[in-house]
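Summary of structural features
Chain by chain, the residues run as shown.
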Amino acid sequence: MSAVAKPSSSAPTAASLAADAAKVKICSGHTRPICHINYSNVVDGTFWFVTSCHDTKPMLRNGETGDWVGTFEGHKGAVYCSSFNATATHLVTVSGDYTAKMWDAISGKNLHTWEQKMYIKSCDWADNTIVTGNNESKVYLYDATNYSSEPTIIHAHEKPTVKAVYLTSPNMLISCCESQILQWDLRSQKTVKSKELPGLNVLEYTHKHSIVAAHGKSITLLDPHTLDEIRTIQTADDIECASLNPEGTLIAAGSKIKAKEFTIDGQELESHRGHHGPIFHIRWAPDGMTYSTGAEDGMVRMWPAHDVILQHQD
């Protein structure tokens, strides 16, 4: 990682956080579209996020301020997704260069590279298991404690791109291709449930509450263990991506160039403009104070939550 600082040295002061809480923070540095934002858990009172970008160089930032910490250098193709381990000491990234890479998230050192035969578009990490989904319709499961061990490979879908994979329990996996969502029992490596959501753009799960599906002009919450629909909210605009806040009470959504915030019942609370191209990904910070968007313009914007804006109004 270039010019990396130890995460603890980037911790902001309470005074600076209070002064900036209701301001939109803009994070520059990327040169091509940003397709994914991944937050760590809160560790020792702070947290970080990684932006995956078509410029091949995922960046690590302080999750409260957006300040740049370092850049992971080594991929030779667009980076599509990343995932931290529980303690934010390690990171996995996946790329169009047919590789998944394991990084020391503090030093930035590349610890291992796994090679596949096609673009790798999605990943997740739970406990000691890393899962990736690629353009060969396959899901690879790796042992995070033994880099040299052979992966478990599942031919998950009939169509090419596995655009989302999530480990919802030690023995259960969710995979997504186009409009199809599958639930897998990893013990038998067989599907136990299938669901279709026409027009599905992004499937999001942060290992809390519900899976969030952005499709058409709708946002649907799914039970991560059964795939049953919990609720669907209808909106006036096309929804490209959506994310549920840590308390499970608010939804942030990307709609073309707008970042929106809704209650769980569908009441629109905020509609922000600022990006100069479509928003590709949105995700709530683990403290629930902000949600960040990555867009075609290569910028990240960190938007204050509705309640934060109300608290700091004159």
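Residues numbered from 1 in each chain as written. Predicted model: local features only at pLDDT ≥ 70, side-chain atom pairs only at ≥ 80, totals over all residues. Heavy atoms only, no water.

On to the sheet that holds strand S4 (residues 59-62). Strands pair in a sheet through their backbones, by hydrogen bonds, and they do so in one of two ways: parallel or antiparallel. With antiparallel pairing, four strands are arranged side by side in an open sheet as S2-S3-S4-S5. Both edges of this open sheet fall to strand S2 (34-39) and strand S5 (68-71), since each of them pairs with a single strand only. Within this sheet the neighbouring strands show an average axis-to-axis angle of 20°, counted without direction. Strand direction decides the pairing type here: S2 and strand S3 (residues 48-53), joined by five bridges, are antiparallel. Across the sheet, residue His36 finds its bridge partner in S3, namely Ser52. (Pairing = 2+ DSSP bridges. Helix = DSSP H or I, 4+ residues; strand = E, 2+ residues; numbered from the N terminus. Axes fitted to C-alpha atoms, helices over the stretch in contact; angles between N-to-C directions.)

The next subject is the environment of Gln180. Following the sequence through the fold, Gln180 ends up in strand S16 (residues 180-185). Taking the C-alpha atoms as reference points, Gln180 and Asn201, 21 residues apart in sequence, are found 11 Å from one another.

Checked against the element boundaries, Met289 lands in the loop between strand S26 (279-284) and strand S27 (290-295). A relative accessible area of 36% places Met289 in the partly exposed class. When the C-alpha atoms of Met289 and Val308 are compared, they prove to be 6.6 Å apart, with 19 residues separating the residues in sequence. Residues contacting Met289, with those up to four places away along its chain left out, are Trp303, Pro304, Ala305 and Val308. (Buried < 20%, exposed > 50% of the residue type's maximum accessible area, 1.4 Å probe, protein only. Contact = heavy atoms within 4.5 Å.)

A word on the pairing of strand S14 (residues 164-169). Counting buried positions along S14 gives five out of six residues, so the element sits mostly inside the fold. Both S14 and strand S15 (residues 172-177) contribute to a ladder of five bridges, which runs antiparallel. For Ser169, the partnering residue across the bridge sits in S15 and is Met172. Hairpin connection between S14 and S15: a loop of two residues separates the two successive antiparallel strands.

Bringing the side chain of His75 into the picture now. Mapped onto the elements of the fold, His75 is located in the loop between S5 and strand S6 (79-84). Looking at His75, the relative accessible area reads 6%, which means it is buried. Here the side chain of His75 touches Thr93 through a polar contact of 2.7 Å, side chain to side chain. In this structure the side chain of His75 is engaged in a polar contact, spanning 3.4 Å, whose partner is the side chain of Thr99. Setting aside its immediate chain neighbours within four residues, His75 contacts Thr56, Thr93, Val94, Ser95, Asp97, Thr99, Lys101 and Trp103. (Polar contact = N/O pair within 3.5 Å; in protein donor to acceptor, adjacent residues only side chain to side chain.)

A word on the pattern of salt bridges. Considering all chains together, one arrives at 11 salt bridges under this definition. Here Lys138 makes a salt bridge to Glu136, at a shortest N to O gap of 3.7 Å. With a closest N to O distance of 2.6 Å, Asp228 and Lys193 form a salt bridge. With Asp228 in the loop between strand S20 (218-222) and strand S21 (229-234) and Lys193 in strand S17 (residues 190-196), the pair connects residues that are 35 residues apart, well separated along the chain. Relative accessible area serves as the criterion here: at 29%, Lys193 is assigned to the partly exposed category. Through salt bridges with shared partners, a single ionic network connects Asp237, Lys260 and Glu268. (Salt bridge = Lys/Arg side-chain N within 4 Å of Asp/Glu carboxyl O.)

What follows is about unusual backbone geometry. Here the phi dihedral of Gln189 falls at roughly 60°; this positive angle occurs in a residue that is not glycine. Along the chain, Gln189 falls in the loop between S16 and S17. On the basis of relative accessibility, which here comes to 37%, the residue Gln189 falls in the partly exposed class. For Lys256, which is not glycine, the phi torsion reads 55° and is therefore positive.

The four strands are arranged S6-S7-S8-S9 in an open sheet whose pairing can be described as antiparallel. The sheet is open, and its two borders are formed by S6 and strand S9 (110-115), each paired with just one other strand. Each strand axis lies, on average, 20° off the axis of its neighbour in the sheet, ignoring direction. Two elements, S6 and strand S7 (residues 90-95), share five bridges in a ladder whose sense is antiparallel. The partner of Phe84 across the bridge, within S7, is Leu91.

What follows covers the confidence of the model for the protein. Low-pLDDT stretches of the model should not have their predicted coordinates read in fine detail. Residue-level pLDDT values for the protein average 94, and 94% of them are 70 or greater. Scored below 50 in pLDDT, residues 3-9 shows 12 contacts in the model against residues more than four places distant or in partner chains. (pLDDT = per-residue confidence, 0-100.)

Counting 14 residues, the largest nonpolar core has Cys241, Ala252, Ala259, Ile279, Ile282, Trp284 and Tyr291 as the members making the most contacts within it. For this core, the secondary structure elements donating two or more residues are strand S23 (250-255), S26 and S27. Ranked by residue count, the leading element in this core is S26, at three residues. (Core = buried A, V, L, I, M, F, W, Y, C linked by side-chain atoms within 4.5 Å.)

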